[in-house]
Amino acid sequence: MKRIAVFGSTGSIGTQALSIIAANPRRLEAVLLTCRSRIDMLREQIERFHPAIVAVERPEDAAELRREYPNLRVCCGRDGLNEAAQAEEYDVMLNAIVGIAGLEPTLTAIAFGGGRRDGNLTIALANKETLVTGGRFVMSAAANAGISIIPVDSEHSAIFQCLAGNKDNAIKRIMLTASGGPFRGYSLEQLKSVTVEDALIHPNWNMGRKITVDSATMVNKGLEIIEAKWLYGTETSRIEVLIHPQSIVHSLVEYEDGAIMAQMGFPSMIVPISYAFSHPERWTTDTRGVDLAALGALRFDAPTGETRRSLDMAYRVMRESEEYGRDSGAIALNGANEALVQLFLDGEIAFLDIIDTLEHVLERHDSRVVKGIDDIMDADRQARESALSLVRRQRRSVATPGASQDANRGH
Ligand code: NDP
Ligand code: MG
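Residues numbered from 1 in each chain as written. Chains lettered and ligands numbered in written order. Predicted model: local features only at pLDDT ≥ 70, side-chain atom pairs only at ≥ 80, totals over all residues. Heavy atoms only, no water.

Novice: Any chance you could break down the sheet that holds strand β8 (residues 171-178) for me, citing the residues and the numbers?
Specialist: Sheets are built from strands paired through backbone hydrogen bonds, the pairs being either parallel or antiparallel. In spatial order, the strands read β9-β8-β10-β11; together these four strands make up an open sheet with mixed pairing. Only two strands of the sheet have a single neighbouring strand rather than two, namely β9 (239-243) and β11 (260-264). Strand-to-strand, the axes of this sheet are offset by a mean angle of 20 degrees, without reference to chain direction. Of the strand pairs in this sheet, β8 and strand β10 (residues 249-255) are connected by five bridges, and their pairing is antiparallel. The residue bridging Arg 173 from the neighbouring strand is Glu 254, located in β10. Along the sheet face, helix α11 (residues 219-232) touches β8 and β9 and points at about 150 degrees away from the line of β8. (Pairing = 2+ DSSP bridges. Helix = DSSP H or I, 4+ residues; strand = E, 2+ residues; numbered from the N terminus. Axes fitted to C-alpha atoms, helices over the stretch in contact; angles between N-to-C directions. Contact = heavy atoms within 4.5 Å.)

See below:
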């Protein structure tokens, strides 16, 4: 029986993970659940899965849960996630929190080792922001502790599967596939008027709001380039992106001898989540098969257009990281993006403002070496402030035409 700690149990990945746990009652049990504010859903999960511990954000929610479930340990507040990560024994941590909030719990789980004396903890990582912001520390801490990190992100799970049985040093290229999102092929003019509702409709995947917007801007694929770099140690110059609108090929690895391995399947997160739990075995899921003959052809294109700029930003920040060990650029890209996506979802800025402002944040950013979690959180906070101040300047210049031709560009 594997004991699973589900961080972010009320989200898109978290709920799918719980459906896999429910479908495998003799193999898996959920011992720990966390969420931020969807307490009613958490309550249903508590009644169904009987975890030993939960973590929520607000003290008043925690107090209510303690009253309702006297035998349940309830953590809360900023440290609630870290407290939970070291309060209960578990074999697998599934980190399905969204955003940089997922970084500290990952580091805590690595330090605590899931409470296992044999150090045999597995981290099933959906929270890509953990690696984008803290990849250098997380990968070395996990390696030192002998803890395996199994990616849940579908592209990285595909690469993980393509690498099985092959030596890492024989990798020539990694090809990450991208559906291109809802605005594939849109012109600059068309992108100027897209709405939040348009951005939240993804052609192939049903995901949380933040990653859905990231897919539309292609920032998601930029973050995934960085995620792949840390997971596999491959320089970013050898990580390429291919637009593949059908989302059947989940990613590919080309080897030095010319062989290319691809992992394919119907687009469903059930497969990579299940594999992260079952590895090295494979368990049955109810995922649909793919009728390749009915599809007739698989299509691949090079990334082009406005959203290509999001990939360029990721390559740029990683050059600084790879050449000079300065990781703050990736943290800034991630932090500013989290702030801007929230503003977009709140109807405060337009879709293209996300990409434009991110470029301006990075232009203003002085990249530097980060020495630990405090430096990471500082760089994150500064990038959010920088993004918000650029948005405010842009607003003022719109409110007072002629005050500045391009206030957003100011240094
Ligand atoms: P959701 O927004 O659907 O769920 C996020 C979960 O994290 C919820 O349980 C939420 O709680 C909790 N949460 C949100 N903010 C905080 C916070 N500040 N502190 C603690 N908990 C928080 O996200 P997804 O499931 O879509 O994505 C989760 C992660 O997986 C992301 O990093 C994403 O990039 C990655 N991923 C997702 C894929 C998908 O198909 N959805 C595919 C590949 C990767 P509450 O519900 O109470 O708000
Ligand atoms: Mg992905």
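Novice: Talk me through the pattern of salt bridges; I want residue IDs and the actual numbers.
Specialist: For the structure shown, the criterion picks out 32 salt bridges. A salt bridge links Arg 73 to Glu 83, with the nearest nitrogen and oxygen atoms 3.3 Å apart. Here Arg 73, found in strand β4 (residues 73-76), pairs with Glu 83, found in helix α4 (residues 80-85); they are 10 residues apart in sequence, far enough to count as distant. Looking at Arg 73, the relative accessible area reads 41%, which means it is partly exposed. When its relative accessible area of 35% is taken as the criterion, Glu 83 is described as partly exposed. Here Arg 238 ties to Glu 235 by a salt bridge, and the two come within 3.1 Å at their closest N and O atoms. Judged by relative accessible area, which is 25%, Arg 238 ranks as partly exposed. (Salt bridge = Lys/Arg side-chain N within 4 Å of Asp/Glu carboxyl O. Buried < 20%, exposed > 50% of the residue type's maximum accessible area, 1.4 Å probe, protein only.)

Novice: Give a description of the site of ligand 1 that names residues and reports values.
Specialist: Inspection of the region around ligand 1 gives 24 residues, with Thr 10, Ser 37, Arg 38, Glu 129 and Gly 208 positioned closest. One of the backbone nitrogen or oxygen atoms of Arg 36 is found 2.9 Å away from an oxygen atom of ligand 1. Residue Gly 208 places a main-chain N or O atom 2.8 Å away from an oxygen atom belonging to ligand 1. Classifying every residue of the shell around ligand 1 by side-chain character gives 11 nonpolar, eight polar and five charged. Formed jointly, the shell around ligand 1 draws a minimum of three residues from each of two domains, domain 1 (2-151) and domain 2 (154-268 + 288-311). (Near = heavy atom within 4 Å. Polar contact = N/O pair within 3.5 Å; in protein donor to acceptor, adjacent residues only side chain to side chain. Nonpolar A, V, L, I, M, F, W, Y, C, P; charged D, E, K, R; others polar. Domains from an automatic or database assignment.)

Novice: Give me the nonpolar core: which residues, what numbers.
Specialist: Tyr 90, Ile 123, Ile 226 and Leu 340 are the most contacted members of the largest nonpolar core, which totals 84 residues. With 10 residues, helix α15 (residues 328-345) is the single largest residue contributor to this core. Ignoring anything within four residues of it in the chain, the contact list for Leu 340 reads Ile 349, Ile 354, Thr 357, Leu 358, Ala 387 and Val 391. Core analysis: the second largest hydrophobic core is formed by 36 residues, Cys 35, Phe 49, Ala 96 and Ile 273 among them. (Core = buried A, V, L, I, M, F, W, Y, C linked by side-chain atoms within 4.5 Å.)

Novice: Please provide a residue-by-residue account of helix α14 (residues 308-324), values included.
Specialist: Counted at 1.5 Å a residue, the expected span for α14 with its 17 residues is 24 Å, and the 25 Å between its end C-alpha atoms agrees. Here α14 has its buried residues at Arg 309, Ser 310, Leu 311, Met 313, Ala 314, Tyr 315, Val 317, Met 318 and Ser 321. Contacts from the buried residues of α14 go to α6 (129-145), α10 (209-217), α11, β9, α15 and α16 (351-364). Count one or two residues on from α14 and you reach Gly 325, which has phi positive near 70 degrees. (Expected span 1.5 Å × (residues − 1).)

Novice: Please give an account of the coordination of the magnesium ion (ligand 2) that cites residues and values.
Specialist: Protein coordination of the magnesium ion (ligand 2) is provided by Asp 153 (OD), Glu 155 (OE) and Glu 224 (OE), with donor distances spanning 2.1 to 2.2 Å. Mapped onto the sequence, the donors of the magnesium ion (ligand 2) take the spacing D-x1-E-x68-E. Of this pair, Asp 153 sits in the loop between β7 (148-151) and α7 (154-163) while Glu 224 sits in helix α11, placing them 71 residues apart in sequence. By relative accessible area, Asp 153 is classed as buried at 7%. (Donors = N, O, S within 2.8 Å, 3.2 Å for Na, K, Ca; no water.)

Novice: Run through the domain arrangement of the protein chain, naming residues and quoting values.
Specialist: Each assigned domain of the protein chain is listed with its residue range as follows: domain 1 (2-151), domain 2 (154-268 + 288-311) and domain 3 (325-411). If you average the C-alpha positions of domain 2 and of domain 3, the two centres end up 25 Å apart. Contacts between the two partners involve 22 residues from domain 2, matched on the other side by 16 residues from domain 3. The interface formed by domain 2 and domain 3 holds two salt bridges in total. Note that Arg 309 is salt-bridged to Asp 356, the shortest N-O span being 2.6 Å. With six residues, α10 is the single largest residue contributor to the side of domain 2 that touches domain 3. A breakdown of the residues in the side of domain 2 that touches domain 3 according to their chemical character gives 13 nonpolar, four polar and five charged.

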